[in-house]
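# Results of the structural survey
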Amino acid sequence: LSLRHYRTLIEDPRWLDGILLSVRIGIVSSVFSTVLALCFSLGVWMFQPRFVALLVGFVLLPMVVPPVVSAITLYFLLTSISGVIPWFGYDTWLGVAMAHSIMTVPFATVLILVALSQVDRRIDLAARGLGASPWERATQIIIPNIKFGIVTAALLSFVLSWEEIGVTLFIT
């Protein structure tokens, strides 16, 4: 039994750089996917558009599509983006963070929608009846009631981004 490998992990700058890059990508993708999932979920919950099931199904698509198909699609998307914006496309850490965000948005959306299902709609209706704007209702009424769901979505997005290797191998 030896601790030699742990010492190498701490002392070798290549390992530390890789760990710090993974943390940076995880944080950026977690924030981005949580914000996207929150905006989508609030819009669906507050405004109840006609084709809710179709919209939710579209957002959940990366969850049901095989990861290889998603990775190939993201590869072509990022290579076309890198022709226009070289610092945000193929083989960049921002491109990897964007790809991870696309893969984790469905999970964050499910968690936030579940949290929203526990909120009493009468609170929102009362705020609307008292003249609150959609922005005020979202920021002062709804988000404080689902803050634990948002935190859970962010943490799960970070963990899923951290362990996502299939997409990363295709786009770097």
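The shown structure was predicted, so the numbers you read here are calculated from the model rather than taken from an experiment.

## Details of the side chain of Thr-109
Note that Thr-109 resides in helix H6 (residues 93–117). Within the local environment of Thr-109, its side chain forms a polar contact with the backbone oxygen of Val-105, the two atoms lying 2.8 Å apart. Apart from the residues within four sequence positions on either side, Thr-109 is in contact with Ala-37, Phe-40, Ser-41 and Val-59.

## Quick notes on the environment of Ala-37
Relative to the elements of secondary structure, Ala-37 occurs in helix H2 (residues 13–47). It is 7.5 Å that separates the C-alpha atoms of Ala-37 and Pro-106, two residues lying 69 residues apart in sequence. Those residues in contact with Ala-37 that lie beyond four places of it in its chain are Val-105, Ala-108, Thr-109 and Ile-112.

## A word on the packing of helix H7 (residues 121–129) against helix H8 (residues 134–145)
One can describe the packing of H7 onto H8 by two numbers: an axis separation of 10 Å at closest approach and a directional angle of 145°. Crossing handedness for the pair H7 and H8: right-handed. From H7, Ile-123, Asp-124, Ala-127 and Arg-128 reach across to H8, where they touch Arg-137, Ile-141 and Ile-142. Here the contact of H7 with H8 is composed, by residue class, of four nonpolar, no polar and three charged.

## Some words on the pattern of salt bridges
Going through the model one piece at a time under the given rule, you end up with three salt bridges. A salt bridge links Asp-12 to Arg-14; the shortest N-O distance between them is 3.1 Å. By relative accessible area, which is 16% here, Asp-12 ends up buried.

## Quick notes on the environment of Leu-156
Mapped onto the elements of the fold, Leu-156 is located in helix H9 (residues 147–163). Taking C-alpha positions, Leu-156 is 8.3 Å from Thr-104, a pair spaced 52 residues apart along the chain. The contacts of Leu-156, once residues within four sequence positions are left out, are Phe-107 and Leu-111.

## Re a nonpolar patch on the surface
Taken together, the side chains of Leu-3, Tyr-6, Leu-9, Ile-10, Trp-15, Leu-16, Ile-19 and Trp-162 make up a nonpolar region of the molecular surface, amounting to roughly 860 Å² of accessible area. Among the elements of the structure, helix H1 (4–11) and H2 are those that each provide at least two residues to the nonpolar patch. Its relative accessible area of 60% is what places Ile-10 among the exposed residues.

## Some points on the nonpolar core
Counting 15 residues, the largest nonpolar core has Leu-42, Ile-112, Leu-116, Ile-142 and Ile-146 as the members making the most contacts within it. Residue assignment for this core shows that the elements contributing at least two residues are H2, H6, H8 and H9. Sort the elements by how many residues they give to this core and H2 lands first, with five residues. Apart from the residues within four sequence positions on either side, Ile-146 is in contact with Leu-38, Ile-112, Ala-115, Leu-116 and Val-119.

## Quick word on the packing of aromatic side chains
Going through the model one piece at a time under the given rule, you end up with four aromatic pairs. Through successive ring pairs, a cluster of aromatic residues spans Tyr-75, Phe-76 and Tyr-90. Geometry around Trp-93 places Arg-24 over its ring, the cationic atom sitting 4.7 Å from the centre. In this arrangement the basic side chain of Arg-121 is found over the ring face of Trp-45, its NZ or CZ atom lying 4.3 Å from the centre.

## Some thoughts on the packing of H2 against H6
Viewed as axis vectors pointing N to C, H2 and H6 meet at an angle of 40°, and their least axial separation amounts to 6 Å. In terms of orientation, H2 and H6 fall into the oblique class. Like other packed secondary-structure pairs, H2 and H6 cross with a definite hand, here right-handed.

Rules and cut-offs
Residues numbered from 1 in each chain as written. Predicted model: local features only at pLDDT ≥ 70, side-chain atom pairs only at ≥ 80, totals over all residues. Heavy atoms only, no water. Helix = DSSP H or I, 4+ residues; strand = E, 2+ residues; numbered from the N terminus. Polar contact = N/O pair within 3.5 Å; in protein donor to acceptor, adjacent residues only side chain to side chain. Contact = heavy atoms within 4.5 Å. Axes fitted to C-alpha atoms, helices over the stretch in contact; angles between N-to-C directions. Left-handed = near helix turned anticlockwise from the far one by under 90°. Nonpolar A, V, L, I, M, F, W, Y, C, P; charged D, E, K, R; others polar. Salt bridge = Lys/Arg side-chain N within 4 Å of Asp/Glu carboxyl O. Buried < 20%, exposed > 50% of the residue type's maximum accessible area, 1.4 Å probe, protein only. Patch = residues over 30% accessible without salt bridge, like charges linked within 9 Å, V, L, I, M, F, W, Y side chains within 5 Å. Areas by Shrake-Rupley, 256 points an atom, 1.4 Å probe, with all protein chains shown as cover. Core = buried A, V, L, I, M, F, W, Y, C linked by side-chain atoms within 4.5 Å. Phe/Tyr/Trp six-rings, centres within 6.5 Å; stacked < 30°, edge-to-face > 60°. Lys NZ or Arg CZ within 6 Å of the ring centre and 35° of its normal. Parallel < 35°, antiparallel > 145°, perpendicular 65-115°, else oblique.

This is a description of form; function is not addressed.
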